[in-house]
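Working through the structure, step by step
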Amino acid sequence: MLRFSEINVTDRCCLCGSADDLTGEHKIKATTLRSLFGNETMMIGHFNGTSRPRLAQSATSKAVHFRVRLCGPCNSTRTQAADVEFARFDDLARRLQCEGADPASAFDDPRYAVGSAAYLNVFRYLAKLLACHIAEVGGPRLRALTDFALSRSDMNVVRLSINADPDFQRWFEATGDPQFAGHGGLGIDFSRSTRRPKAIYTSLSHGPLRYRFSVAFGFGVALALRLLHPEFYQRSLASFEAALGVERGSNLT
Ligand SMILES: [Zn+2]
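For the structure given in this document, a descriptive report is provided here.

Rules of the game
- Residues numbered from 1 in each chain as written.
- Predicted model: local features only at pLDDT ≥ 70, side-chain atom pairs only at ≥ 80, totals over all residues.
- Heavy atoms only, no water.
- Core = buried A, V, L, I, M, F, W, Y, C linked by side-chain atoms within 4.5 Å.
- Buried < 20%, exposed > 50% of the residue type's maximum accessible area, 1.4 Å probe, protein only.
- Helix = DSSP H or I, 4+ residues; strand = E, 2+ residues; numbered from the N terminus.
- Contact = heavy atoms within 4.5 Å.
- Pairing = 2+ DSSP bridges.
- Donors = N, O, S within 2.8 Å, 3.2 Å for Na, K, Ca; no water.
- Tetrahedral: all angles 85-135°; square planar, octahedral: opposite > 155°, others 65-115°.
- Axes fitted to C-alpha atoms, helices over the stretch in contact; angles between N-to-C directions.
- Parallel < 35°, antiparallel > 145°, perpendicular 65-115°, else oblique.
- Nonpolar A, V, L, I, M, F, W, Y, C, P; charged D, E, K, R; others polar.

Description of the nonpolar core
Judged by nonpolar contacts, the single largest core of 56 residues is most densely connected at L145 and Y211. By residue number, the principal contributor to this core is helix 4 (residues 117-136), which donates 14 residues. With residues up to four places along the chain from it excluded, the contact list for L145 reads A127, L130, A131, I134, V157, V158 and V215.

Re the pairing of strand 9 (residues 187-190)
In the sheet, strand 9 pairs with strand 10 (residues 197-206) via four bridges, with the strands oriented antiparallel. Bridged to D189 within strand 10 is A199. Taking the residues that link successive antiparallel strands as the turn, the strand 9-strand 10 hairpin has six residues, and the phi of R195 there is positive, at about 60°.

So, the coordination of the zinc ion
The coordination sphere of the zinc ion, as far as protein atoms go, consists of C13 (SG), C16 (SG), C71 (SG) and C74 (SG), spread over 2.3 Å. Geometry at the zinc ion is tetrahedral, judged from the four donor atoms that bind it and their angles of 104 to 117° at the metal.

Comments concerning the packing of helix 7 (residues 219-228) against helix 8 (residues 230-244)
In the contact formed by helix 7 and helix 8, the axes pass within 5 Å of each other and the chain directions differ by 105°. Taken together, the axes of helix 7 and helix 8 are roughly perpendicular relative to one another. Counted together, L225, R226, L227 and L228 of helix 7 and P230, F232 and Y233 of helix 8 form the full contact between these two elements. Grouping the amino acids of the contact of helix 7 with helix 8 by side-chain chemistry returns six nonpolar, no polar and one charged.

Comments concerning the environment of A106
For A106, the position within the fold is in the loop between helix 3 (80-98) and helix 4. Sequence separation between A106 and L96 is ten residues, and the spatial gap between their C-alpha atoms is 7.4 Å. Not counting chain neighbours up to four residues away, the residues in contact with A106 comprise F89, L92, A93, L96 and Y112.

Re the side chain of N75
With respect to the helices and strands, N75 occurs in helix 2 (residues 72-75). The contacts of N75, once residues within four sequence positions are left out, are T23, G24, E25, L70 and K128.

As structure tokens, this is what we get:
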């Protein structure tokens, strides 16, 4: 039987499930943080208006790492090409934005022709980040997502939009400080009429540039989430309903 998802266990790699040679993964790449902040101290956190950012002493500080772990091979050979490609793509997108162009037009570069290895690698990096964010809040390992992140599948399940970060603009207007990086935490989008989960999303901000990315799923995975990962499902639904500002109903059965 096809396994949509597997339970993430603490002290196991959140991409492949191995218990060997576990290492940490950055929420935002250390090289990117250095290019944005130099050697200055940083505030890092969710820019959701409620949680308090944490002070990070450097680009390698614990505060910029996920608590969940990756095994050595998943954090190196299996994802290295994607890491390198994303950094290259990010340089191009940031440069375009700086010049007043649409940063998403980086995909017009022939290198990033749809389906090319470079194109897929940009998305594989985001798939890895998304899988780490899901594991970080006790969610399952979604095989379609992790197999893609590890190049075991070429089926791109990540949706991406690239635009100017409105939080950056607010931050810059309030502080005059152009040094800004953040991640959006994890959100799950449910259907308002059926309460069926539709997508899991997060975001990544590099200065004024924001990547919003998600994995969307159909009925099968939505059902697997509800039946096989009920705690995660119900916590997510409660958080969605709280965000909607509605009373939690009796439609969880
Ligand atoms: Zn692994």
